[in-house]
Every structure is written in structure tokens, then in C-alpha cells.
Amino acid sequence: MKYISTRGLAPAQSFLDILLGGLAPDGGLYVPETYPRFSAGELAALRGLDYRRLAFAILSRLIDDIPADDLRLLIDRTYTVATYSHGRPDSDFSQITPVRRLEEGLYLLELSNGPTLAFKDMAMQLLGSLFEYALARAGRDLNILGATSGDTGSAAEHAMRGRRGIRVFMLAPEHGMTRFQQAQMWSLADPNIHNIAIRGVFDDCQDIVKQVSNDLEFKARYRIGAVNSINWARIAAQVVYYFKAYYAVTAHDGEPVSFSVPSGNFGNVCAGHIARMMGLPIRKLIVATNENDVLDEFFRTGVYRPRASHETRHTSSPSMDISKASNFERFVFDLTGRDAAQVRALWKEVEQGRAFDLKSSGLFARVPEFGFVSGSSNHANRIATIRRVWEQYGTMIDTHTADGLKVGLEHREPGVPLVCLETALPAKFEDAIREALGRAPERPAGYEDLEQRPQRVEVMDADTQAVKDYIARHAND
Ligand SMILES: *Cc1c(COP(=O)(O)O)cnc(C)c1O
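Residues numbered from 1 in each chain as written. Predicted model: local features only at pLDDT ≥ 70, side-chain atom pairs only at ≥ 80, totals over all residues. Heavy atoms only, no water.

> I tried to follow the overall build of the chain on my own but got confused; where do I start?
Helices and strands together make up the secondary structure of the chain, namely 18 helices and 15 strands. Radius of gyration (C-alpha) of the chain: 21 Å, near the 23 Å computed for a compact globule of 477 residues. For the chain, with 477 residues in total, the buried portion stands at 60%. Excluding contacts between residues fewer than 6 apart, the proportion of contacts in the chain whose partners are at least 24 apart in sequence is 75%. Each charge class in the chain was averaged separately, 55 positive and 60 negative side chains, and the resulting centres sit 2 Å apart. (Helix = DSSP H or I, 4+ residues; strand = E, 2+ residues; numbered from the N terminus. Rg over C-alpha atoms; globule rule 2.2 N^0.38 Å. Buried < 20%, exposed > 50% of the residue type's maximum accessible area, 1.4 Å probe, protein only. Contact = heavy atoms within 4.5 Å. Lys, Arg positive; Asp, Glu negative; His and termini not counted. Charge placed at Lys NZ, Arg CZ, Asp CG, Glu CD.)

> Explain the site of the ligand here, please?
The environment of the ligand is made up of 15 residues, and the closest members are K120, D151, G264, N265 and N268. A distance of 2.5 Å separates an oxygen atom of the ligand from a polar atom in the side chain of K120. One nitrogen or oxygen atom from the main chain of G267 is found 3.2 Å from an oxygen atom belonging to the ligand. In isolation the ligand offers 380 Å² of accessible surface; the protein chains occlude 95% of this area. A class-by-class count of the residues in the shell around the ligand yields 5 nonpolar, 8 polar and 2 charged. (Near = heavy atom within 4 Å. Polar contact = N/O pair within 3.5 Å; in protein donor to acceptor, adjacent residues only side chain to side chain. Areas by Shrake-Rupley, 256 points an atom, 1.4 Å probe, with all protein chains shown as cover. Nonpolar A, V, L, I, M, F, W, Y, C, P; charged D, E, K, R; others polar.)

> Is there a simple way to explain the packing of aromatic side chains in this structure?
Centre-to-centre distance and the angle between the planes together describe a pair of aromatic rings. Applying the stated rule across the entire model yields 29 aromatic pairs. Taking 5.4 Å as the distance between ring centres and 45° as the angle between the ring planes, the aromatic pair formed by Y304 and F356 counts as tilted. Remark: F356 occurs in strand 12 (residues 356–357) and Y304 occurs in strand 11 (residues 303–304); sequence separation between them is 52 residues. Connected via pairs of aromatic rings, a cluster forms that spans F266, F298, F299, Y304, F328, F331, W347, F356, F364, F370 and F372. Sitting over the ring of F38, R61 keeps its end group 4.6 Å from the ring centre. Sitting over the ring of Y35, R338 keeps its end group 4.9 Å from the ring centre. (Phe/Tyr/Trp six-rings, centres within 6.5 Å; stacked < 30°, edge-to-face > 60°. Lys NZ or Arg CZ within 6 Å of the ring centre and 35° of its normal.)

> Mind showing me how you'd approach the packing of helix 15 (residues 379–393) against helix 17 (residues 430–437) here?
Any two packed helices are characterised by how steeply their axes cross, that is the angle between the axes, and by the distance between the axes. Axis separation between helix 15 and helix 17 bottoms out at 9 Å; the angle between their running directions is 65°. Our classification of the angle between helix 15 and helix 17 gives roughly perpendicular. Like other packed secondary-structure pairs, helix 15 and helix 17 cross with a definite hand, here right-handed. Note on element contacts: helix 17 touches helix 15 through A432, I433, E435, A436 and L437, opposite H379, I383, I386, R387 and W390. Of the residues that constitute the contact of helix 15 with helix 17, the class distribution is 7 nonpolar, 1 polar and 2 charged. (Axes fitted to C-alpha atoms, helices over the stretch in contact; angles between N-to-C directions. Parallel < 35°, antiparallel > 145°, perpendicular 65-115°, else oblique. Left-handed = near helix turned anticlockwise from the far one by under 90°.)

> Just checking my understanding: could you explain the pairing of strand 7 (residues 193–199) for this structure?
Looking along a regular strand, one sees side chains alternate from face to face of the sheet. Burial analysis of strand 7 places 6 of its 7 residues in the buried class, which makes it a mostly covered element. After leaving strand 6 (residues 166–173), the chain enters helix 7 (residues 179–186) and then returns to the sheet as strand 7, a path that is right-handed. Pairing analysis gives 4 bridges linking strand 7 to strand 15 (residues 458–461), with the strands arranged parallel. Residue pairing across strands places R199 opposite D461, the latter belonging to strand 15. (Right-handed = clockwise from strand over helix to strand, strands pointing away. Pairing = 2+ DSSP bridges.)

> What should I look at first to understand helix 15 in this one?
Given 3.6 residues per helical turn, the α-helix brings residues three or four places apart onto the same face. Helix length check: helix 15, at 15 residues, gives a terminal C-alpha distance of 21 Å against a target of 21 Å (1.5 Å per residue), a fit within 8%. Residues R382, I383, T385, I386, V389 and Y393 constitute the buried set of helix 15. Take helix 15 and look down its axis: the buried residues cluster within an arc of 160°, on one side only. In helix 15, those exposed residues whose orientation departs by more than 90 degrees from the buried face are A380 and E391. One side-chain oxygen of the residue at the start of helix 15 lies 3.2 Å from the amide nitrogen of A380, identifying that residue as N378. Looking one or two places after helix 15, you find G394, whose phi comes out positive at around 70°. (Expected span 1.5 Å × (residues − 1). Arc of directions from axis to C-beta.)

> Where do I start with the sheet that holds strand 4 (residues 106–110) in this structure?
Spatially, 6 strands are ordered 3-4-14-9-10-13 in an open sheet, and the strand pairing comes out mixed. Of all the strands in the sheet, the pair left with one neighbour each is strand 3 (99–103) and strand 13 (372–376). On average, adjacent strands in this sheet sit at an angle of 25° to one another, irrespective of strand direction. Across 3 bridges, strand 9 (residues 257–262) lies against strand 14 (residues 418–422) in parallel orientation. Within strand 14, the residue paired with S258 across the bridge is L418.

> What is the right way to look at the packing of helix 10 (residues 232–249) against helix 11 (residues 267–277) in this model?
Between helix 10 and helix 11, the shortest axis-to-axis distance is 8 Å and the interhelical angle comes to 65°. The handedness of the crossing between helix 10 and helix 11 is right-handed. Across the interface between the two elements, W232, I235, Q238, V239, Y241, Y242 and F243 from helix 10 touch G267, N268, V269, C270, A271, G272, I274 and A275 from helix 11. Along the lines of polarity and charge, the residues of the contact of helix 10 with helix 11 split into 11 nonpolar, 4 polar and no charged.

The following block contains the structure:
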């Protein structure tokens, strides 16, 4: 299995070759040269497998340069009950991603029982195992530099803590995260985790990361890498739970199922697209956005118009506050019939701050073949949804999951099970829960004293040189 770039100008590479990198050298995103397809017989044989076996069956079709025994071991060590039992007390953690039945034909896929209480753990934890493995094999080490406004940074730190050959330098705004999110990162005592609080906003943090990464000499000398949302391995890891949920909510092979996905950078729902291309009978992939509705606009009109960063709205589902959807290019590549020249032309527009319109070219008419539909949600919608789900089903959901449920129900069809992906637990978004329910969110066991634990963070001005100096001092610890 080789990986090719959506822009068509980079050489094909194997999985381990693209694992530690980001964009392809031509600026594109890596995708499998062809999607491996499960036959009806093979799909039937996957029914009933536990999470780890299922993950191996799927990932071994996407990764052919890690020996099977090694891959199995990496998966088995990653998806343990101990790691995925931080969520609701009445969940069946042996399932790793249990499905919660709200009513006949309506389900919540619990993806947020990992250490940081959000779905990003599912992929990031595997990434941690794969990075450690690949670095050991290559006899190298890696300094991961990132900027976060909350979820990604904490998922990355919890995935990389204590890993051999890996250090994490995570920049976050000094103010602006919730106290819970701050504590999730800043209370980590592992010596390979470096928290840097910047006196500034998230954009300042991101600018510093860009400037450091643009200094190629520094980057090479200190072996700087990233764990960004376009990393192929993260998408691959997320494919697994679509299969897991499919088998959990169907009794017969071939039955169609629809999925609703709270979306920002299009990573999670892109994994659903890959699962569908691999043969899973997914009927609809429902893209749910918040007020930042770049993706909803595309799926309604055929126009993709990334916003300027000052147009991004700060919402109560902050992990979906995006101005452009970085994984969207992977889907457009497939929509064009894998025409890299066309993708290059489209993203030339995007990179110059312009929109593109796929309606006139006729491509937009092909979207239904891929099962995509969409909708958006706003603050009032999510508060109402949290309240209704609590009253009706006794289940507390977070703001992002509420966006997904709200939009998913708009596209629900009789007789087709609808699975809504739970992307975070309510404990992370206390203010919105108080507003909706007049009480504090439930907290999983082990998190009661999170904000009281001692914290370790280096506070700095938004000064790239100061950050570089800090990295240089600690890059060989
Ligand atoms: C990251 C995130 C999302 C958006 O997922 P994408 O893969 O970027 O589309 C949704 N909800 C939560 C809670 C997240 O952390």
C-alpha cells in the first residue's frame, strides 16, 4: 500500500515514510493510492470482533510496512480498557467505543472515554504508539512543537507523555482556555512534556510555531515535528470506530446506517468517508457545523469559501471554530475522480484567499454519490438540544455532540439507524452545561480534583526567539 499526494507532484510513499511528516512536499495531503475494499464476505467476518481485533483487521489493510505482530502489539497496548474507562460510570468500557441507545434507531457513539475526555484521544493515542515505534526503529528522536487552544494539545500531551524519544513543546494562550483544559495539560508532571503559556492569544501561539517551522536550520538541528490534524495516521485510526458502531447497531450485514459528525477540520468525517470507500454500508455522512459554517455552506451550495481568521466566530462549541477545513482536500480529490491537476487548480484559488465553486463544473452534482449532507447549529440550538436530551433520555451531552445531534435529526430517515458521534464529554464545557441544565456537569471518577493539582508551566511573552531558546535548552534532555 503506497500513499500519494492529492496534488500529484510528490513521489508515492509507504506508511512509515509519511507517518512523522505533515503535508506532502507538493503541499498536498497523503491518501491511499487506492482504497482497500472489504468484500461482502469479509465484512460479514468482521462482525463480532472486539475493538482491538477490528482495528488490526482494518489498519493492516492500510499499513503494510509494519510487521503484523508488531502492529497487533501496538494496537493491543493502545486500546486498553484502563485507558478508555474515564467516561460515564454506566458504560461498557470493554467495548472501548460503546454505543449508547437513546431510542429505537438513534444512538450515541461514545468516543470520549479516553484520558482527555474527547474523541481526539482515539487517534492520538495510536499516533503516540506509532511514533515511539517508528523513532526507535530509525534510531531517532523527535521534538513535537504545537499550538493549542485546548483539545488537541491536551490529547497530544496525554498520548506522548512518558514516550521514549519524544518531547512535546506545547504553546497555549495564558488565558482563554477553560480551567479544566488548562489543568489537563499543566498538571502533567512527565519530564518529556513542556507546557509554554504565551502572553497572547491562540493566533500568537500559532504564528510562533509557523516561524519556528520556517527556520529550516533550527528545525533540522532540533528535530522539530508536529502532530497536526492532517496526519494520515490520525484519519486511519478514526476509520475503526465507524466499523465498530456499524456492527453494534445492525443485526444483518448490508443494512445501511447513517452517521452524524460534529465537524471542524473535516478529519473525523473524512474517516467516515474512507470507511464508506472501504465498503462499509454507510448511507449518509451528516456533516454538522456550528456558526462557523464553511463546510455546511459547501454541502448546500457547492461553494467552498474559507474564511479569513478574523471572520472566525468564538462559539460555545469551540473545538469546531475553524476558518478552513484542513482535511477537506482529501474528499475533493475523490470527488474530482482523483484528478490532482484539478485539485491543484482549486487550492491555488484557496491559497490566494479566494473561494471555488463546484456547481458550474458539474462536480457538485456527484456529492450525493458519496453520501454527504450537512447542516449547522447555533448556541440556542445546542443549549436546547442538551436540555432535551437530558430530559428525554437522562443522558448529558456536551456542546459539540449537541450540534451533531441537532443536525443529525434533521436528516434522519425512517428505518435507517442514526449514529451520532460523541466528540467530548460535558465535563469539559461547564459554562454551557450550567446554562442549559442549571447544574454542573457530571465528572468522571479520577477528575474530581483536577484543577487543584500542582501545575507546571513556563509563562513567556509572544517572542519567537524566547521559545526557540527554551526548545534549544531542553531538546536533548
Ligand atoms: C476536534 C473536535 C471536533 C472537530 O473534529 P474535526 O476532525 O476537526 O472535524 C469536534 N468536536 C470536538 C470536541 C473536537 O475536539
